[in-house]
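Fold and contact review
What follows is the residue order along each chain.
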Amino acid sequence: MGQVEQALAIAIQANVPVALEGPPGTGKSKRVEAIGRALAKAGLFDANVGVDGTVTWIASQNDPVDVGGVGIPERNAEGRVVNVARLPASPELILAMRHGVLLFLDEISQCDPTMQAPIMSAIQERRIGVNPFHEKTRIAFAYNPVELAAAGRLFAAPFANRICFLKDQPDYDAWSQGMMFGWESAELGISLLPKDWEDRIPEVNALAVGFLNAADGRKHWNDCPKADEVKASGPWPSSRSWTNAMRLYAAALASGAPKAVQMDLVGGCVGDAVVTKFFAYIEALDLPDPEVWLKDPDKVVVPDRGDRAYAAANGVVLAVKRQSTVARWTAAWKVLVRYLPAGKGDMAARAAEGLFREDVKPAGAKKVPEMTQFFPMLDKAGFFKGVRI
């Protein structure tokens, strides 16, 4: 399985709308359908619906009413209209509501601009009107670049900001294998994400916050390229796209995907320039192993750099969350208290808040002396309101 196919499979499973861009004739649609078929075989989609679990919808051949729906009056026993329900006129969209499928929107760059608003709402809210998509339904797109598409159009910035964009990377070896042995070979190597993959999200969210708090990172938080409609039509950083990016980063890490795939997924949400800086920041952190700290808190050396110290403290809390025992929870307090003489008690206090969470604090855990040293800071921040110690 190639790099782009691996990224596609991860994004589809992580439930982040993903778009594959590439020139005509490279088999984008066939590969998306092959991934959908493989995921249906693995149990993610209903293989008896659509074409082996994939429902293809050509947006450019539809009108807004096909998405937004037509009014269907609902009457009471006296025949009075009491409500007007709206259902999409498109049978493909109705299938995506009733069954768990890969909803594949092909030729998306050729659809009329009036279609982008209803599609944007559908992919963000995962519903059309009051009618939700099936909980297992996932959304993928494929399109040719504007300059190579028949009547191609740029995406509006709000539409683009909801999607992870992947650049097609045609692989001759994969193509030749498909030619000789059939395109089912494109499915080899695709597997479901681990069940606990979302447990990695808090960890990567902390990295994103650390990056954005760094000297020049904050400018990459919400940076819509308003003056450049071409750049606005692709990936750029915003609160929404960072959330999607970290969801995909967590999924990629949990699946063991190589760094190139991780960068493709994160960059597909926040842009290539930002993703390069983000991964350079992560490498420069060189964070200590939280398990080493938990085993011997007395030997903890608090990092001098504030961002490293904060990320390391969060790493300890997340390590306890992954395997929560009274001994590990108590050790975490012994680690965090080492931050006080180092002048970084405020950073440890913010991480300490996580140790009180129900999904982190183990049954039977009791107040320990180290904990009380953070009480003044936490109380001043208003943390103890409604919190049981």
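To be clear, the structure that these remarks concern was listed above.
Presented here is a report on the structure given in the accompanying data block. (Residues numbered from 1 in each chain as written. Predicted model: local features only at pLDDT ≥ 70, side-chain atom pairs only at ≥ 80, totals over all residues. Heavy atoms only, no water.)

1. Here's the deal with the overall build of the chain
Looking only at helices and strands, the chain has 18 helices and nine strands in total. Seen along its three principal axes, the alpha-carbon backbone of the chain occupies a region of about 65 × 65 × 45 Å. Expressed as a percentage of the 389 residues in the chain, the buried residues total 49%. Contacts in the chain between residues at least 24 apart in sequence constitute 73% of all its contacts with a sequence separation of at least 6. On the chain, roughly 18900 Å² of surface is accessible, and the fraction owed to carbon and sulfur atoms is 53%. (Helix = DSSP H or I, 4+ residues; strand = E, 2+ residues; numbered from the N terminus. Buried < 20%, exposed > 50% of the residue type's maximum accessible area, 1.4 Å probe, protein only. Contact = heavy atoms within 4.5 Å. Areas by Shrake-Rupley, 256 points an atom, 1.4 Å probe, with all protein chains shown as cover.)

2. Observations regarding the pairing of strand β5 (residues 102-106)
Counted residue by residue, β5 has five buried out of five residues, so it is predominantly covered. Residue alternation in β5 divides its side chains into two sets, L102, F104 and D106 and L103 and L105, and both sets are buried. One ladder, built from five bridges, connects strand β2 (residues 54-58) with β5; its direction is parallel. Each bridged residue has a counterpart across the sheet, and for T56 the counterpart in β5 is F104. The sheet contact formed by β5 and strand β8 (residues 138-143) spans five bridges and is parallel. The residue bridging D106 from the neighbouring strand is A142, located in β8. (Pairing = 2+ DSSP bridges.)

3. Remarks on the packing of aromatic side chains
The geometry of an aromatic ring pair is captured by two quantities: the separation of the ring centres and the angle between the planes. Scanning the model with the defined rule gives 15 aromatic pairs in all. Taking the centre distance of 6.4 Å and the plane angle of 85° together, the rings of Y143 and F165 count as edge-to-face. Of this pair, Y143 sits in strand β8 while F165 sits in strand β9 (residues 164-167); the two residues are 22 residues apart in sequence, bridging distant segments of the chain. With respect to class, Y143 is no different from F165; both count as buried. Each ring, one from W333 and one from F356, has its centre 5.5 Å from the other, and the planes form 65°; the classification is edge-to-face. Of this pair, W333 sits in helix α15 (residues 326-336) while F356 is found in the loop between α16 (345-352) and α17 (369-372), placing the two residues 23 residues apart along the sequence. (Phe/Tyr/Trp six-rings, centres within 6.5 Å; stacked < 30°, edge-to-face > 60°.)

4. A closer look at the pattern of salt bridges
With the rule as written, the count across this model stands at 13 salt bridges. For E5, the salt bridge goes to R31, with nearest N and O atoms at 2.9 Å. In this pair, E5 sits in helix α1 (residues 3-13) while R31 sits in helix α2 (residues 28-41), placing the two residues 26 residues apart along the sequence. Like E5, the residue R31 is buried in the burial classification. Salt bridges sharing common partners tie together E5, R31 and D168. (Salt bridge = Lys/Arg side-chain N within 4 Å of Asp/Glu carboxyl O.)

5. Topic: the environment of V209
Relative to the helices and strands, V209 is located in helix α8 (residues 201-213). As a C-alpha pair, V209 and A40 span 169 residues in sequence and 36 Å in three-dimensional space.

6. Focus: the nonpolar core
With 55 residues, the main nonpolar core has L166, W242, M246, Y249, L265, V266 and F278 as its most contacted residues. Setting aside anything within four residues of it in sequence, one finds M246 in contact with V204, N205, A208, V266 and F278. Judged by nonpolar contacts, the second largest core, of 34 residues, contains V316, Y339, A351 and F374. (Core = buried A, V, L, I, M, F, W, Y, C linked by side-chain atoms within 4.5 Å.)

7. Notes on α1
Buried residues dominate α1, accounting for ten of its eleven residues. Among the residues of α1, those classed as buried are V4, E5, Q6, A7, L8, A9, I10, A11, I12 and Q13. Downstream of α1 by a residue or two, N15 has a phi angle that is positive, lying close to 65°.

8. Notes on the packing of α1 against helix α11 (residues 259-270)
Each packed pair of helices is defined by two parameters, the angle between the axes and the distance between the axes. Packing of α1 against α11 leaves a shortest axis separation of 9 Å and a crossing angle of 55°. Classified by the angle between their axes, α1 and α11 sit oblique to one another. The handedness of the crossing between α1 and α11 comes out as right-handed. Contact with α1, carried on its side by Q3, Q6, A7, I10 and A11, involves A260, V261, D264 and L265 of α11 and no other residues of that element. (Axes fitted to C-alpha atoms, helices over the stretch in contact; angles between N-to-C directions. Parallel < 35°, antiparallel > 145°, perpendicular 65-115°, else oblique. Left-handed = near helix turned anticlockwise from the far one by under 90°.)

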